[in-house]
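The chain contents come next:
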Amino acid sequence: MAKFKQPKQYRYGRGVQECRRCGSRDAVIQAYGVYLCRQCFREIAATLGFRKYS
Ligand SMILES: [Zn+2]
């Protein structure tokens, strides 16, 4: 996914938000106001009522 150069002045977007659960900044999901990284989101999603649409 590192296709583009690292943005300098971008304060918004990926890599800014930290996971409020584990502190990781890797792919933090801001949608739904969860602010969780992918891993934590997967774990918590079920609790929040999110389901994987299959
Ligand atoms: Zn996390």
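Quick notes on the rules
Residues numbered from 1 in each chain as written. Predicted model: local features only at pLDDT ≥ 70, side-chain atom pairs only at ≥ 80, totals over all residues. Heavy atoms only, no water. Helix = DSSP H or I, 4+ residues; strand = E, 2+ residues; numbered from the N terminus. Buried < 20%, exposed > 50% of the residue type's maximum accessible area, 1.4 Å probe, protein only. Contact = heavy atoms within 4.5 Å. Areas by Shrake-Rupley, 256 points an atom, 1.4 Å probe, with all protein chains shown as cover. pLDDT = per-residue confidence, 0-100. Donors = N, O, S within 2.8 Å, 3.2 Å for Na, K, Ca; no water. Core = buried A, V, L, I, M, F, W, Y, C linked by side-chain atoms within 4.5 Å. Salt bridge = Lys/Arg side-chain N within 4 Å of Asp/Glu carboxyl O.

**Here we look at the overall build of the protein**
Summing up its helical and strand segments, the protein has 1 helix and 2 strands in all. For the protein, the sequential pattern of α-helices and β-strands runs β-β-α. Taking all 54 residues of the protein together, the buried fraction comes to 17%. Across the protein, every contact between residues at least 6 apart in sequence was considered, and the portion connecting residues at least 24 apart equals 0%. Element-wise, carbon and sulfur atoms account for 48% of the exposed surface of the protein, whose accessible area totals about 5,500 Å².

**Let's talk about the confidence of the model for the protein**
Per-residue confidence for the protein averages 76 on the pLDDT scale, and 67% of its residues sit at or above 70. Taken element by element, the predicted model of the protein shows its lowest mean pLDDT in helix α1 (residues 38-48) (82) and its highest in strand β2 (residues 36-37) (90).

**With respect to the coordination of the zinc ion**
Note on metal sites: the ideal angle is 109.5 degrees for four tetrahedral donors, and 90 or 180 degrees for six octahedral donors. Looking at the zinc ion, the protein donor atoms are Cys19 (SG), Cys22 (SG), Cys37 (SG) and Cys40 (SG), and they sit 2.3 Å from it. The sequence motif formed by the donor residues of the zinc ion is C-x2-C-x14-C-x2-C. Within this pair, whereas cysteine 22 is found in the segment before β1 (28-29), its partner cysteine 37 is found in strand β2, the two being separated by 15 residues in sequence. Relative accessible area serves as the criterion here: at 3%, cysteine 37 is assigned to the buried category.

**Structural notes on the nonpolar core**
Soluble globular proteins: nonpolar side chains tend toward being buried together. Of all hydrophobic cores here, the largest spans 8 residues; its members are Cys19, Val28, Val34, Leu36, Cys37, Cys40, Phe41 and Ala45. The set of elements that each furnish at least two residues to this core consists of β2 and α1. The element that contributes the greatest number of residues to this core is α1, accounting for 3 residues.

**A look at the pattern of salt bridges**
The tally for this structure, following the rule as stated, stands at 2 salt bridges. In this structure, arginine 25 and glutamate 18 form a salt bridge, with 3.9 Å as the shortest nitrogen-oxygen distance. What makes glutamate 18 partly exposed here is its relative accessible area of 45%. A salt bridge links arginine 21 to glutamate 43; the nearest nitrogen and oxygen atoms lie 2.9 Å apart. Taken together, the residues arginine 21 in the segment before β1 and glutamate 43 in helix α1 connect sequence positions 22 residues apart. Residue arginine 21 is classed as partly exposed on the basis of its relative accessible area of 45%.

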